[in-house]
Amino acid sequence: MLVLKSLHIIFVVSWFAGLFYLPRIFVNHAMVTDAATIERLGMMERKLYRFVTPIGILAVVLGLWLWFGYGFAGGWLHAKTALVVLLIIYHLYCGKLMRDFAAGRNSRSHVWYRVFNEIPVVVLFVVVFLVVLKPF
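Residues numbered from 1 in each chain as written. Predicted model: local features only at pLDDT ≥ 70, side-chain atom pairs only at ≥ 80, totals over all residues. Heavy atoms only, no water.

Participant: What exactly am I supposed to notice about a nonpolar patch on the surface here?
Facilitator: Nonpolar side chains collect at one region of the surface, where Val122, Phe125, Val126, Val128, Phe129, Val131, Val132 and Leu133 lie side by side and expose about 740 Å² of accessible area between them. Its place among the elements puts Val132 in helix α5 (residues 119-133). The exposed category is assigned to Val132, whose relative accessible area is 61%. (Patch = residues over 30% accessible without salt bridge, like charges linked within 9 Å, V, L, I, M, F, W, Y side chains within 5 Å. Areas by Shrake-Rupley, 256 points an atom, 1.4 Å probe, with all protein chains shown as cover. Salt bridge = Lys/Arg side-chain N within 4 Å of Asp/Glu carboxyl O. Helix = DSSP H or I, 4+ residues; strand = E, 2+ residues; numbered from the N terminus. Buried < 20%, exposed > 50% of the residue type's maximum accessible area, 1.4 Å probe, protein only.)

Here's what the structure looks like:
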């Protein structure tokens, strides 16, 4: 089980790295107007999203494996699970935003993306404190 827990942590860290960086690319994408930069940022978004999606899936699958191995006990785990569901929705919404950029349908400013980029940071803080402290 310790190997599974280690792999879960590695994949969670990697997934978060992608969730931190993809919206930062969106910030830049929303600010530029020249075609070459727009194309390059779009390519970066697609490659990162395709790379991070299986990593996120592995993080969730390993988390479920641990859940079934250790059991589902404690209110903290319910809260953590709700936050993981929020992260999955966030990840999928990033895919929608990426497709909107690709189709030239972005309607949001770089400032909105800067705020949007902070959501996984807040979730990470809460999840780490829930897992370590198990407050309820």
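Still more to cover.
Participant: Explanation requested: helix α3 (residues 75-102) in the structure shown.
Facilitator: Every α-helix carries 3.6 residues per turn, so stepping three or four residues along brings you back to the same face. Between the first and last C-alpha of α3 there are 41 Å, a value that for 28 residues agrees with the 40 Å anticipated at 1.5 Å per step. At the C-terminal side of α3, Gly104 shows a positive phi close to 75°. (Expected span 1.5 Å × (residues − 1).)

Participant: Can you walk me through the pattern of salt bridges in this structure?
Facilitator: Two side chains carrying opposite charge are able to pair once their charged atoms lie near each other. A full pass over the atoms with the stated rule returns 3 salt bridges. Note that Asp100 is salt-bridged to Lys96, the shortest N-O span being 2.5 Å. One end of the pair, Asp100, and the other, Lys96, are both in helix α3, 4 residues apart, so they sit about a helical turn from each other. The exposure class of Asp100 is buried, given its relative accessible area of 11%. Because the salt bridges share partners, they merge into one network encompassing Lys96, Asp100 and Arg105.

Participant: How do you make sense of unusual backbone geometry when you look at a structure like this?
Facilitator: The backbone of Lys134 sits at a positive phi, close to 40°, despite the residue not being glycine. As for its position among the elements, Lys134 is in the segment after α5.

Participant: Teacher, can you tell me more about the packing of helix α1 (residues 2-31) against α5 here?
Facilitator: Two quantities define a packed helix pair, namely the angle between the axes and the distance from one axis to the other. Running from N to C, α1 and α5 point in directions that differ by 150°, and their axes come no closer than 9 Å. It follows from the interaxial angle that α1 and α5 lie roughly antiparallel. In contact with Phe16, Leu19 and Phe20 of α1, α5 contributes Pro120, Val121, Val123 and Leu124. Class assignment of the residues belonging to the contact of α1 with α5 gives a composition of 7 nonpolar, no polar and no charged. (Axes fitted to C-alpha atoms, helices over the stretch in contact; angles between N-to-C directions. Parallel < 35°, antiparallel > 145°, perpendicular 65-115°, else oblique. Contact = heavy atoms within 4.5 Å. Nonpolar A, V, L, I, M, F, W, Y, C, P; charged D, E, K, R; others polar.)

Participant: Sorry, what's going on with the packing of helix α2 (residues 35-70) against α3 here?
Facilitator: Running from amino to carboxyl end, α2 crosses α3 at an angle of 165°, the nearest separation of the two axes being 11 Å. By the angle between their axes, α2 is roughly antiparallel relative to α3. Crossing angle aside, the handedness with which α2 passes α3 is left-handed. When α2 is examined against α3, the residues Glu45, Arg46, Tyr49, Val52, Thr53, Val60 and Trp67 are found in contact with a partner set consisting of Leu77, Val84, Ile88, His91, Leu92, Cys94, Gly95, Met98 and Phe101. (Left-handed = near helix turned anticlockwise from the far one by under 90°.)

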